[in-house]
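Structural description and commentary
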Amino acid sequence: RIACRWDTSKLDVEEVRKEVGARGQRAGEEDVPAMIVVAEKIVEKVWSIAKEKISDANKRQAEKKRKAGEEVGEAAVVDDSDEEEWEYHKGDDDDQAKDISRLAVATKCRVYEYSAKLSLKNDKAVLRFEPPSRADSNRAFREFGNHIFLKVKVPKKLDQRGRDTVRRLLDEGVQLGTKRQLYKLIPSGEAHLKSRTFMFGCVEEEGRETEFTPLKFMAWHCPTLPEGGMPIAKYVSRFQLAFSRTCETVVVPVEQVAEEEDLVHEGGWCATDGCSPASLSTMKQIQEKLGLTYMPSWVQFRYGGSKGVLYADGDFDKRWGGAKAFALRPSQRKLAFGVAPTKHQLVLEVNNFSQDPHMGLQ
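The shown structure was predicted, so the numbers you read here are calculated from the model rather than taken from an experiment. (Residues numbered from 1 in each chain as written. Predicted model: local features only at pLDDT ≥ 70, side-chain atom pairs only at ≥ 80, totals over all residues. Heavy atoms only, no water.)

Considerations on the overall build of the protein chain
Filter applied, for reference: Helix and strand definitions here come from DSSP, where helices need a minimum of 4 consecutive H or I residues and strands a minimum of 2 consecutive E residues; each element is numbered from the N-terminal end. Under the scheme applied here, a residue whose accessible area is under 20% of the maximum for its type counts as buried, over 50% as exposed, and between as partly exposed, the area being computed with a 1.4 Å probe on protein chains only. The contact definition used throughout considers only heavy atoms, calling two residues in contact when any of these lie within 4.5 Å.
When helices and strands are tallied, the protein chain shows 11 helices and 16 strands. Taking all 362 residues of the protein chain together, the buried fraction comes to 40%. Restricting the contact set of the protein chain to residue pairs at least 6 apart, pairs at least 24 apart contribute 73%.

So, the environment of Ile148
The topology assignment puts Ile148 in the loop between helix H4 (139-144) and strand E5 (149-153). Residue Ile148 is classed as buried on the basis of its relative accessible area, which comes to 10%. Sequence separation between Ile148 and Glu113 is 35 residues; the distance between their C-alpha atoms is 9.8 Å. Once you skip the residues sitting within four places of it in the chain, Ile148 turns out to touch Tyr183, Phe200, Gly201, Cys202 and Phe212.

So, the nonpolar core
How we decide: The term nonpolar core refers to a set of buried residues drawn from Ala, Val, Leu, Ile, Met, Phe, Trp, Tyr and Cys, joined through side-chain atoms within 4.5 Å.
In this structure, Phe149, Phe212, Phe217 and Phe243 are the most contacted members of the largest nonpolar core, which totals 34 residues. The biggest single contributor to this core is strand E8 (residues 197-205), with five residues. If sequence neighbours within four positions are ignored, Phe217 has contacts with Ala140, Phe144, Ile186, Pro187, Phe212, Phe239, Ala242 and Phe243. One finds Ile286, Tyr294, Val350 and Phe353 within the second-largest nonpolar core, a separate group that totals 20 residues.

Focus on the pattern of salt bridges
A side chain with one charge can pair with a side chain of the opposite charge if their charged atoms come near. Selection criterion: Any carboxyl oxygen of Asp or Glu that lies within 4 Å of a side-chain nitrogen of Lys or Arg is treated as forming a salt bridge with it.
Scanning the model with the defined rule gives 11 salt bridges in all. One salt bridge connects Arg319 with Asp313, and the closest N-O pair in it is separated by 3.0 Å. Since its relative accessible area comes to 44%, Arg319 is described here as partly exposed. Connected through shared salt-bridge partners, Arg139, Arg142, Glu248 and Glu349 make up one network.

Details of the packing of aromatic side chains
Where we set the bar: Here the aromatic set is Phe, Tyr and Trp, taking the six-membered ring for Trp, and pairing holds for ring centres within 6.5 Å; pairs whose planes are under 30 degrees apart are stacked, those over 60 apart are edge-to-face, and all others are tilted. Any Lys NZ or Arg CZ found within 6 Å of a ring centre and within 35 degrees of that ring's normal is scored as a charge over the ring.
Scanning the entire structure with this criterion turns up 14 aromatic pairs. Judged by centre distance (5.9 Å) and plane angle (40 degrees), the ring pair of Phe217 and Trp220 falls under tilted. Highlighted residues: Phe217 and Trp220, both in helix H7 (residues 214-221), separated by three residues, approximately one helical turn. Given a relative accessible area of 0%, Phe217 falls into the buried group. Both rings, one in Phe301 and one in Phe326, keep their centres 6.3 Å apart while their planes meet at 55 degrees; by these two values the pair is tilted. Residue Phe301 is found in strand E13 (residues 298-303), and its partner Phe326 is found in strand E15 (residues 326-328); the two are separated by 25 residues along the sequence. In this arrangement the basic side chain of Arg134 is found over the ring face of Tyr112, its NZ or CZ atom lying 4.8 Å from the centre.

Concerning helix H10 (residues 280-290)
What counts here: When we speak of the arc, we mean the arc of directions from the helix axis to the C-beta atoms.
Among all positions in H10, only Thr282, Met283, Ile286, Gln287 and Leu290 are buried. The buried residues of H10 all sit within an arc of 145 degrees when viewed along its axis, so they share a single face. Away from the buried face of H10 by more than 90 degrees, exposed residues Glu288 and Lys289 are located.

Re the confidence of the model for the protein chain
Here is the rule we go by: You can read pLDDT as the predictor saying how much it trusts each residue, on a scale of 0 to 100.
The predicted model of the protein chain has a mean per-residue pLDDT of 76, with 71% of residues at 70 or higher. Low confidence marks residues 1-10, where pLDDT is under 50. Its contacts with residues over four positions away, or in another chain, come to 22 contacts. Every residue in residues 70-101 is under pLDDT 50, and counting partners more than four places away or in other chains gives 63 contacts.

Re H7
Given 3.6 residues to a turn, an α-helix orients residues that are three or four positions apart in the same direction. For H7, the set of buried residues is Phe217, Trp220 and His221. Taken around the axis of H7, the buried residues stretch over an arc of 90 degrees, which confines them to a single face. Buried-residue contacts for H7 involve H4, strand E7 (181-186) and helix H9 (240-243).

Observations regarding the environment of Pro277
Its location among the elements puts Pro277 in strand E12 (residues 275-278). Pro277 gets classed as buried once you look at its relative accessible area, which sits at 0%. Residues contacting Pro277, with those up to four places away along its chain left out, are Glu260, Leu310, Tyr311, Asp313, Phe316, Arg319, Phe326, Ala327 and Arg329.

Here's the deal with the side chain of Ser244
In plain terms, the rule: Distance and chemistry together define a polar contact, namely a pair of N or O atoms within 3.5 Å, with one atom able to donate a hydrogen and the other to accept it when in protein, and with adjacent residues in sequence counting only for side-chain atoms on both sides.
Mapped onto the elements, Ser244 comes out in the loop between H9 and strand E10 (247-251). Polar side-chain contacts of Ser244 include one of 3.5 Å to the side chain of Arg302.

Thoughts on the pairing of strand E2 (residues 115-121)
Definition in use: In short, DSSP must find at least two bridges between two strands for them to pair.
With five of seven residues buried, E2 lies mostly within the body of the structure. Where E2 lies against E5, three bridges are found, and the strand directions are parallel. Looking at the pairing, Ser115 lines up with Lys151 of E5. Relative to strand E3 (residues 124-129), E2 runs antiparallel, the two sharing six bridges. Among the inter-strand pairings, Lys121 is bridged to a residue of E3, identified as Lys124.

Structural data, given as structure tokens:
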């Protein structure tokens, strides 16, 4: 994926192969951590070349725009689908981007995300792969592996032929390279759709089916629907939970989660909408997992099919005899648990937290 559009002569492939061979012989086949170090070094080497390519391409594009502006004045328009232009996208589903950046610094729970961009030029559709970007992890990546997913962005303005191309892409999937990898569309939430981005999962590799399928993904994330069903738009939007930028903290078995009712005002509005208490020991565990120097007074969380805010409650252990880690309320439940939830669905995931109360006081 990485080298598919680069000049391989600049990739120093032989040098990389020699290094892998030498380290592999020293490490031995069973020394997995050592081989991971090798893989990371290769990725960093390729990424440094990618940054040079991006920088050079952006300089050429800027020069091209400058010359075009000098020739035809301020009204000059440069086609943003030029094949020489490379862009690095950090992510578009990003109401959480500012908050999650603090979390990423605190926990370094980041992985590589693979993406591509569809461009339409001269009646030809070109799917260009972008350099792998470092992105905050999410539940889907942790459950199935980040290498399974491919994010494809489509142009903002499409004529009828362009819409037909995108529709065919969504129906038939994305076929890649000599390994004959086939990616199929999976639901990924409203935030991706707003940014004209679609998520695909790898279902075939080298002519053989993988363990991943869209139906398996959907059954894992949303195994049951609430009584009376759910509108299709809301059902699709719930899949954003799987791709929310989060960091895993502590595993909490279902039996350690308390049930509390929402506090509803007699006027009808919910005073505890999306909020519930957690024990001080749970918040202390979260502090340790996040590597913070202080215990947060609240965290924004994801747990199974629920989301919202947990706040530290000093009386929580007294009410529940120390047997519960935190409570969930009806206003926080978005999806039902499966009969046998997986480990990653039982992890208390955090994507925001309170600031240090002593910041700015000195």
